[in-house]
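# Reading the structure
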Amino acid sequence: MLDLSEQNMDFTFDMYFRQFWHDPRLAFERRPNLNKIVQGADYLKNIWVPDTFFVNEKEVKHHHAMRDNAFIRIMPTGDVLRSTRMTVKAWCPQHLQYFPFDNQLCTLEIESFGYTMSDLKFRWEDGERSVQMSPD
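Only a predicted model underlies this, so the values are computations on that prediction, with no experimental measurement involved.

## Considerations on the overall build of the protein chain
If you tally the helices and strands in the protein chain, you get 0 helices and 8 strands. The N-to-C order of helical and strand elements in the protein chain reads β-β-β-β-β-β-β-β. Taking 2.2 N^0.38 as the reference for a compact globule, 136 residues should give roughly 14 Å; the C-alpha atoms of the protein chain span a radius of gyration of 18 Å, well beyond that estimate. Taking all 136 residues of the protein chain together, 28% fall into the buried category. Within the protein chain, residue pairs in contact and separated by at least 24 positions form 75% of the contacts whose partners lie at least 6 positions apart. Only carbon and sulfur atoms are counted for the fraction: they give 52% of the accessible area of the protein chain, which is about 10,400 Å². Counting 16 positive and 20 negative side-chain charges, the protein chain places the centres of these two groups 9 Å from one another.

## Observations concerning the nonpolar core
F11, F13, M15, F17, F54, M86, V88, A90 and C92 together form the largest nonpolar core, which totals 9 residues. Within the residue set of this core, elements represented by two or more residues are β2 (10-22) and β7 (79-91). The greatest single-element share of this core, amounting to 4 residues, is contributed by β2. What F17 contacts, discounting residues up to four positions off in sequence, is T52, F54, R82, S83, T84, M86 and I110. One finds W21, L44, I72 and V80 within the second-largest nonpolar core, a separate group that totals 8 residues.

## With respect to the side chain of D10
Within the fold, D10 resides in strand β2. At a separation of 2.8 Å, a polar atom in the side chain of D10 contacts the side chain of K58. Excluding residues within four positions of it along the chain, D10 makes contact with D3, L4, S5, K58, K89, A90, W91, C92 and Q94.

## Examining the pattern of salt bridges
For the coordinates displayed, the defined rule picks out 3 salt bridges. In this structure, K58 and D10 form a salt bridge, with 2.8 Å as the shortest nitrogen-oxygen distance. Of the two residues, K58 sits in strand β5 (residues 57-62) while D10 sits in strand β2, which places them 48 residues apart along the sequence. Assessed through its relative accessible area of 32%, K58 is described here as partly exposed. For the salt bridge of E125 with R123, the shortest nitrogen-to-oxygen distance reads 3.9 Å. When its relative accessible area of 67% is taken as the criterion, R123 is described as exposed.

Parameters and conventions
- Residues numbered from 1 in each chain as written.
- Predicted model: local features only at pLDDT ≥ 70, side-chain atom pairs only at ≥ 80, totals over all residues.
- Heavy atoms only, no water.
- Helix = DSSP H or I, 4+ residues; strand = E, 2+ residues; numbered from the N terminus.
- Rg over C-alpha atoms; globule rule 2.2 N^0.38 Å.
- Buried < 20%, exposed > 50% of the residue type's maximum accessible area, 1.4 Å probe, protein only.
- Contact = heavy atoms within 4.5 Å.
- Areas by Shrake-Rupley, 256 points an atom, 1.4 Å probe, with all protein chains shown as cover.
- Lys, Arg positive; Asp, Glu negative; His and termini not counted.
- Charge placed at Lys NZ, Arg CZ, Asp CG, Glu CD.
- Core = buried A, V, L, I, M, F, W, Y, C linked by side-chain atoms within 4.5 Å.
- Polar contact = N/O pair within 3.5 Å; in protein donor to acceptor, adjacent residues only side chain to side chain.
- Salt bridge = Lys/Arg side-chain N within 4 Å of Asp/Glu carboxyl O.

What follows is the structure, encoded as structure tokens:
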């Protein structure tokens, strides 16, 4: 976590946001030198990707070093991984009645922008290990 602001009622953190889905249209025949396809962020314009957004976001910054810090990996089965490095600033309503000895719980709310829950469902890929914090 980079910052928790009592004054602005928000928190800021860096993350690698990874999404997995299955798209049978992207399946391909495995070959000796081809067991996955890895492409940069530009390739995302060519395929369907979830229209994910953070409901309580104030600001999202996608990182660019020499290139976008994002990639997509497609497996022969049509399983897809999208990974993006970003910094998120999100609303965090805080209860300060015991300040500075209170505890805060800040959440990040993830939804689809255009699809309903009958069209698209989000779930944690790896249970409680899906979210991991860096020790520093």
